[in-house]
Structures are given as C-alpha cells and as structure tokens.
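# Breakdown of the fold
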Amino acid sequence: MNDFDLVFPESDGLRCCMKDSKYGYINDNDETIIPFVYDRAFPFKDKRALVCENGLWGILDNEGGLIADFVFDIIYPFSDNRACFSINDKFGFVDYNGNIVIEALYDEAYPFSYSLAKVRKKDKWGYIDIQGNVVIPLKYADVHNCINGLLVVNYGGIYDGRWGVTIGGKWFVLNDTGKQISRSYTLITNFVDGFAKVNTGGRYENNDCFMGGLWGVLNMDGEECVPLIYEEISNIMDGCFRVKKKGKYGVINTRGETIIPIKYDFIAPLSYGETFALCDGEKIHLK
C-alpha cells in the first residue's frame, strides 16, 4: 500500500484510499475494486459509501454502483437508515436505496440520533421521526441531539451564529414525548455517558466563553445527582468529575461523593483509563 497517499481502515471488505489526489477503493489484496476517480470519498458503512465528484455528492454500493446520483451539496453518513442531505440550502433525508423519503423542507437538519433528528425552519428548532413526522414542535431557540430518548432544548434564547452559542433563554430536558422532566437552567450540556452538566447564574463573555455561575450534574431521570455548588466541573471521565470549589480542586463521582478531597491548587485534566489523578504534581489514586 506504499503507492497510496492515504489509506482508511478496512470497512465492508474494502479500503478507501487516495492516490494522485483521487479517491477509490481496494480489497485486501490491494486490487482496485472501485476506480480512483472521485474528488473526495469516505469508507463504506453498511455497504454504502459517500463520494464526491465535481463538488457534488452521491452514494455508491460496495460494487461501485451508483445508488444516488451526484446531486447533493452536503450529505451526512447514514443513521437509522437515513442520510441527511442538502440541495440548494434546503435539507431532507434519503433512505438506504437513495430515495428521498423526507423532502428538503428544512433550513438546517442533522443525522438521526435514537430515531429522532433535530431540524430547523427559520430560527426555530424541533425534532422529526424517520417518517418525517414532527414529534417535537419547531418552537425552540436551540436543541441538542437526542440521546437515549432525552432532548435538551432552549426556549426564549437567541442563537448567535458568529460564535455558535445560544444567548439567554432557559435550558431544560424533555423526554421523547415532549414532557419536561427537569427544571430550567442557564445552560445544559448534552448527555455523555448518562450525565449532563448544568449551570445556573453563568453567562457568555464576549459571546464565546461561558463564565461564572454554579455547576452541577443531571442524571437521565432529569434529577440533580450532583448539586449545583461548584465553580467548575469537568466532562465526565470514567465516572468521575474534576471540580473546583472555593478556589480549590478535587474529584467527585456521579453521586457527588468525594473521591479526592477538594483541597488542591491544581489537578490535571482526567483521562479515560487512568487510575490516578495528578494533584499538585502528586499521583493520587482514584479508586
């Protein structure tokens, strides 16, 4: 494979490669199965690949047959047997066979997550199902991807496209029927490993950096499993959070229990798989 400028890992029995600035696909014997004629391409997934020719995207099967012609300005990988596409700045969805199953009616849309896709018309967001039915009305200023049936939404805020943030309004969590299951917060991050960070009283400085307020954590029942008493809280790592309180750092678990006392001037960011944290340069075990 020394003749190739770029080689992706094998997927569906083929490797996507780049040679002389063109993309194609080879098998395990380095034999060309799909010729190197594409300007851009991605590895196969479920026997479908997205390829670009003359600035437009199409869909191939794993024998090189054209499932969908080169008509898409943007197309995302398949999820829930749907691929989100854009034509003339409008978004819709095609199925596994390249048929348009949800018309390009939306000003913005993203791939399905847990069988719901977030979509926007004008300045309002909501969610649709894989048949294109509106499940959650398009009335929110911003929304996150659905995670295991939970929807994080903002009502009343204003999206600032320069920075990619939503200023003002209130964030809260819905279930997939639209019922609110958490109280409102100044900010809620998306759920990761079953938990979402929440803040009250903070604000965006210069519209791009969120500062101040107090942080806590929600579980997937919308309950505060970690109270909002921390000045800082990290993303979850192996069931732990690095926190800051009264200017000192420590580590807690998802029940808010102290793992490392909150007494250090500095704790290095936590990493997956590590059994210790570096606290003021000292290794302190997490378990």
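Description of the structure in this document. Note that the coordinates shown come from a computational prediction; the quantities given were computed from them, not determined experimentally. (Residues numbered from 1 in each chain as written. Predicted model: local features only at pLDDT ≥ 70, side-chain atom pairs only at ≥ 80, totals over all residues. Heavy atoms only, no water.)

## Regarding the pairing of strand 23 (residues 196-200)
- Counting buried residues in strand 23 gives 4 out of 5 residues, a clear majority hidden from the surface.
- For strand 22 (residues 187-188) and strand 23, the ladder comprises 2 bridges, and the chain directions are antiparallel. Looking across to strand 23, one finds that Leu-187 is bridged to Asn-199.
- Bridging between strand 23 and strand 26 (residues 214-218) involves 5 bridges; their strand directions are antiparallel. In the sheet register, Asn-199 faces strand 26, and the bridge partner there is Trp-215. (Buried < 20%, exposed > 50% of the residue type's maximum accessible area, 1.4 Å probe, protein only. Helix = DSSP H or I, 4+ residues; strand = E, 2+ residues; numbered from the N terminus. Pairing = 2+ DSSP bridges.)

## Observations concerning the state of the cysteines
- Applying the stated rule across the entire model yields 0 disulfides.
- Take Cys-16: it sits in no disulfide, and the sulfur closest to it among the cysteines is that of Cys-17, at 6.6 Å.
- Judged by its relative accessible area of 1%, Cys-16 is buried.
- Counting only cysteine sulfurs, Cys-240 is the nearest neighbor of Cys-225, a cysteine outside any disulfide, at a range of 13 Å. (Disulfide = S-S within 2.5 Å.)

## Details of the nonpolar core
- Ranked by size, the top nonpolar core spans 24 residues in total, and within it Val-173, Ile-188, Val-217 and Phe-241 carry the most contacts.
- For this core, the secondary-structure elements that each account for two or more residues are strand 18 (150-155), strand 21 (170-175), strand 22, strand 23, strand 26, strand 27 (224-230) and strand 29 (240-245).
- For this core, the element with the highest residue contribution is strand 27, accounting for 4 residues.
- Filtering out sequence-adjacent residues up to four positions away, Val-217 remains in contact with Phe-195, Ala-196, Val-198, Glu-223, Glu-224, Cys-225, Val-226, Ile-233 and Phe-241.
- Counting 12 residues, the second largest nonpolar core, distinct from the first, contains Leu-14, Tyr-25, Tyr-38 and Ala-49. (Core = buried A, V, L, I, M, F, W, Y, C linked by side-chain atoms within 4.5 Å. Contact = heavy atoms within 4.5 Å.)

## Some details on the sheet that holds strand 17 (residues 142-143)
- Across the sheet, which stays open at both edges, the 3 strands sit in the order 17-18-21 with antiparallel pairing between neighbours. Each edge of the sheet is formed by a strand with only one pairing partner; in this case those strands are strand 17 and strand 21.
- The sheet contact formed by strand 18 and strand 21 spans 6 bridges and is antiparallel. From the neighbouring strand, Asn-154 faces strand 21, where its bridge partner is Trp-171.

## Regarding unusual backbone geometry
- The phi dihedral of Asn-81 falls on the positive side, at around 60°, and the residue is not glycine.
- With respect to the helices, strands and loops of the structure, Asn-81 is situated in the loop between strand 9 (74-75) and strand 10 (82-87).
- Not every positive phi belongs to a glycine, and Lys-122 is a case in point at roughly 55°.

## Some points on the environment of Tyr-264
- As for its position among the elements, Tyr-264 is in strand 31 (residues 258-264).
- Taking the C-alpha atoms as reference points, Tyr-264 and Gly-65, separated by 199 residues in sequence, lie 60 Å from one another.
- The contact partners of Tyr-264, leaving out residues within four places of it in the chain, are Lys-248, Tyr-249, Cys-279, Asp-280 and Ile-284.

## Overview of the sheet that holds strand 9
- Read from one edge of the open sheet, 4 strands run 9-10-11-12, paired in antiparallel fashion. With one partner strand each, in any of the chains shown, strand 9 and strand 12 (100-106) form the two edges of the open sheet.
- Relative to strand 10, strand 9 runs antiparallel, the two being bridged by 2 bridges. Residue pairing for strand 10: Ile-75 is matched across the bridge by Phe-85.

## Looking at the pattern of salt bridges
- Summed over all chains, the structure comprises 10 salt bridges.
- Among the ionic pairs, Arg-15 bridges to Asp-28, the shortest N-O distance being 2.9 Å. Of this pair, Arg-15 sits in strand 2 (residues 15-19) while Asp-28 is found in the loop between strand 3 (22-26) and strand 4 (32-38), placing the two residues 13 residues apart along the sequence.
- Given the relative accessible area of 54%, Asp-28 is considered exposed.
- A salt bridge links Arg-162 to Asp-160; the shortest N-O distance between them is 2.9 Å.
- On the basis of relative accessible area, Arg-162 is assigned to the exposed category, the value being 66%.
- Here Asp-160 falls in the buried class, since its relative accessible area comes to 11%. (Salt bridge = Lys/Arg side-chain N within 4 Å of Asp/Glu carboxyl O.)

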